[in-house]
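# What the coordinates show
Letter by letter, the chains look like this.
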Amino acid sequence: MAKEYKAKRDLISVRTVLWHVVFTGFAVNYMTRLNINIAIVSMVKHKANKSVVVGASECFRTNLTSVIEKDINLDLNRSFTIDEIGANKSFSFPEETNIPQDSGHDIDKGFEGFEWNEFHQGLILGAYFWFHWLTQIPGGILAQKYGTKLVFGLANFSGVLFCFIIPPVSYLGYEYLAVTRALQGLLTGFAWPSMHHMTAKWIPPNERSSFVSAYLGSSIGAALTYPMCGWIIDEWGWEWVFYSNGMLGTLWYIWWLLCVYDSPEEHPRISDAEREFIVSRLDRTAETKGKPPVPWKSIATSIPIWMNILAQWGGIWGFFTIMTHAPQYFKIVHGWDIKATGLLSGMPHILRFGFSLLFSQLGDYLLESNRMSRTNVRKLAVTHCCTIQGLLMLGLAYSGCNYTVAIVFMSAAVAVNGAVSTGPLASLVDISPNYASIGLGMCNTIVALVGVLTPTVVSYITYENQTDVGQWKKVFWLATIMLTTSGVIYCIFSKSEVQPWNSPKEEYISSDEEELKALKTENTKKDNGCIKDELEVNIKEKC
């Protein structure tokens, strides 16, 4: 059947179209999640440029010492302002010297910014995750009952609609904006776990690593959001960050409604060859007379489930540490301006997506060629997205004031995290195709706490010491411990085999299941009485 399908392969398969729509959907998901991170820089009232204090950061002093000591007679053991430098001697900073500066470009001359302090800003940025964890498991359950098309589509689109609400709500006060963000996070929480249900229905096991790389559309969403929104703010003002994102998200939702269906059997435009190819390779024990009860106890006590949760916890801790705090780190410690900070914060996410694509191809190749077992492929991926990422975070911890080294280690650490699509994300489908969405929901419920914990812990470590390189070293050391520990434990105890509790009991199996088994048996028959069972991992021939 595989050879027959390849011979009749469509110019563009339905699975390829599905990959691109899902990829874009996750990009939209992260765009609506992260756009406020850069918009808030222009929303909040800042001090005038002349009061910007240089010399406050150890790295400012290190990078500027040679320049200032040579040309300006100032005491470097205290803080000084740019005005002091200008009054002391006619001087301009060389282009390669990183000084935080304000472009001075203000679209709305009558708007000076909201009077929100650091506490208010922290509430707004963290509010998204307050209730985000509550809808993770329900997202998987609802997908099983109503389908991923409805659940993922509406969850993502609800986040898009909130983009149109955020600008007017912001003028009411930070409390109203925080509540709005909390509701946005609550509703979009249904999206991620629901997608695993569609993956289990559409994608054969040996193609899952490649398909799950579409989830890393979130990385492209993050990579594009910062520079794109920075440009929009510069041209039209912060409000248009949300309005433009809302319009882009609406266009995606229309595309989703037109092109996506919950299963190959429901799709009106799929070819017969592709439909038979998919159906013959899926474990369809989920097709039952009645919905069997969810084996909650078995799922909650499953070691493979908890190993995937552990791997995700470590990987997300390192990933969120960089995603959330890289702008602060490069702006406050290394002194990059807002545009450079946006570019530097977005660039590693493109590398993450590229690494995800390459590693997923490697994973599928190792599985197709039987060079490595499914469990070992997942372990290889976790070694990269956790253990190696942890070692790279350690390099970032010791980069000191060398911003070039810091950029290299940060970019590499984010890039190797892309192996997560071949690791724990794919493994959750491997161990239970029937309950993959619930498994991911359980995983995300716990891992969502990282979204609340990382900014809290980082704020505690760097409190009133954000310019201290030593405090940031502690932040990156903590991420290293989380990453390497989770990676090592996963590789020791995890398995990526279908679990016994995945299959429903006999009384729930329908007659359609028997027909499907008969179809699979028929598809294995070849000419001259030869049987080649291509459904087995190791192909056997009998003549």
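Everything that follows concerns the structure shown earlier in this document.
Okay, so let's go over this structure. Please read all numbers here as calculations on a predicted model, not as lab measurements. (Residues numbered from 1 in each chain as written. Predicted model: local features only at pLDDT ≥ 70, side-chain atom pairs only at ≥ 80, totals over all residues. Heavy atoms only, no water.)

Looking now at the packing of helix α11 (residues 217-236) against helix α12 (residues 239-259). Between α11 and α12, whose axes approach to 9 Å, the crossing angle comes to 125°. Between α11 and α12, the crossing angle belongs to the class labelled oblique. In terms of crossing hand, the pair formed by α11 and α12 is right-handed. Across the interface between the two elements, Met-228, Cys-229, Ile-232, Ile-233 and Trp-236 of α11 pack against Trp-240, Val-241, Ser-244, Asn-245 and Leu-248 of α12. (Axes fitted to C-alpha atoms, helices over the stretch in contact; angles between N-to-C directions. Helix = DSSP H or I, 4+ residues; strand = E, 2+ residues; numbered from the N terminus. Parallel < 35°, antiparallel > 145°, perpendicular 65-115°, else oblique. Left-handed = near helix turned anticlockwise from the far one by under 90°. Contact = heavy atoms within 4.5 Å.)

It is worth spelling out the environment of Pro-193 at this point. Mapped onto the secondary structure, Pro-193 falls in helix α9 (residues 191-202). For Pro-193, a relative accessible area of 0% translates into the label buried. The spacing of Pro-193 and Leu-440 is 247 residues in sequence and 5.1 Å in space, taken between C-alpha atoms. Beyond its immediate stretch of four places on either side in the chain, Pro-193 contacts Gln-136, Gly-139, Gly-140, Ser-437, Leu-440, Gly-441 and Asn-444. (Buried < 20%, exposed > 50% of the residue type's maximum accessible area, 1.4 Å probe, protein only.)

As a further point, take unusual backbone geometry. Positioned with a positive phi, Asn-370 is a non-glycine residue whose angle comes to about 60°. Residue classification places Asn-370 among the partly exposed residues on the basis of a relative accessible area of 38%.

What follows is about the environment of Gly-221. Assignment of secondary structure puts Gly-221 in helix α11. Take Gly-221: its relative accessible area is 5%, and that puts it in the buried class. When the C-alpha positions of Gly-221 and Val-28 are compared, they lie 6.2 Å apart, and in sequence the two are 193 residues distant.

With that settled, the discussion passes to the state of the cysteines. As enumerated under the stated definition, the model contains 0 disulfides in all. Cys-229 carries a free sulfur, and the closest cysteine sulfur to it, the one in Cys-163, is 9.2 Å from it. Left unpaired, Cys-386 is separated from the closest cysteine sulfur, that of Cys-385, by 4.1 Å. Under the relative-accessibility criterion, Cys-386 is labelled buried at 0%. (Disulfide = S-S within 2.5 Å.)

Taken together, the side chains of Leu-161, Phe-164, Ile-165, Trp-231, Trp-236, Trp-240 and Met-247 make up a nonpolar region of the molecular surface, amounting to roughly 720 Å² of accessible area. At the level of elements, α7 (148-170), α11 and α12 are the ones that each hand at least two residues to the nonpolar patch. Element by element, the count of residues in the nonpolar patch is highest for α7, at 3 residues. Relative to the helices and strands, Trp-240 resides in helix α12. According to the relative accessible area criterion, Trp-240 is partly exposed, its value standing at 41%. (Patch = residues over 30% accessible without salt bridge, like charges linked within 9 Å, V, L, I, M, F, W, Y side chains within 5 Å. Areas by Shrake-Rupley, 256 points an atom, 1.4 Å probe, with all protein chains shown as cover. Salt bridge = Lys/Arg side-chain N within 4 Å of Asp/Glu carboxyl O.)

Across all of its chains, the model carries 28 aromatic pairs by this definition. Relative to Trp-252, the ring of Phe-152 lies with its centre 6.0 Å away and its plane at 75°, an arrangement referred to as edge-to-face. A residue pair is termed long-range when its members are at least 10 positions apart, and Phe-152 in helix α7 and Trp-252 in helix α12 qualify at 100 residues. Pair check on accessibility: Phe-152 and Trp-252 agree, each one buried. Plain terms: the ring middles of Trp-472 and Phe-476 are 6.1 Å apart, the flat faces sit at 35° to each other, and that makes the pair tilted. Of this pair, Trp-472 and Phe-476 both sit in helix α22 (residues 469-493), 4 residues apart, roughly one helical turn. Summarising the burial analysis for this pair, Trp-472 and Phe-476 share the class buried. Aromatic ring contacts, followed pair by pair, group Phe-26, Tyr-30, Phe-152, Phe-157, Trp-192, Tyr-215, Trp-252, Tyr-253 and Trp-256 into a single cluster. (Phe/Tyr/Trp six-rings, centres within 6.5 Å; stacked < 30°, edge-to-face > 60°.)

Position of Ser-210 relative to the elements: it lies in helix α10 (residues 208-212). Once residues within four sequence positions are removed from consideration, Ser-210 is found in contact with Trp-19, Ser-360, Gln-361 and Asp-364.

Here we come to helix α6 (residues 136-146). Considered for burial, the residues of α6 that qualify are Gln-136, Gly-139, Gly-140, Ala-143 and Gln-144. Seen from one end, α6 has its buried residues packed into an arc of 135°, which puts them on one side. Residues of α6 that are buried in the fold lie against α7, α9 and α20 (436-447). Directly after α6, the chain includes Gly-147, whose backbone phi takes a positive value near 95°. (Arc of directions from axis to C-beta.)

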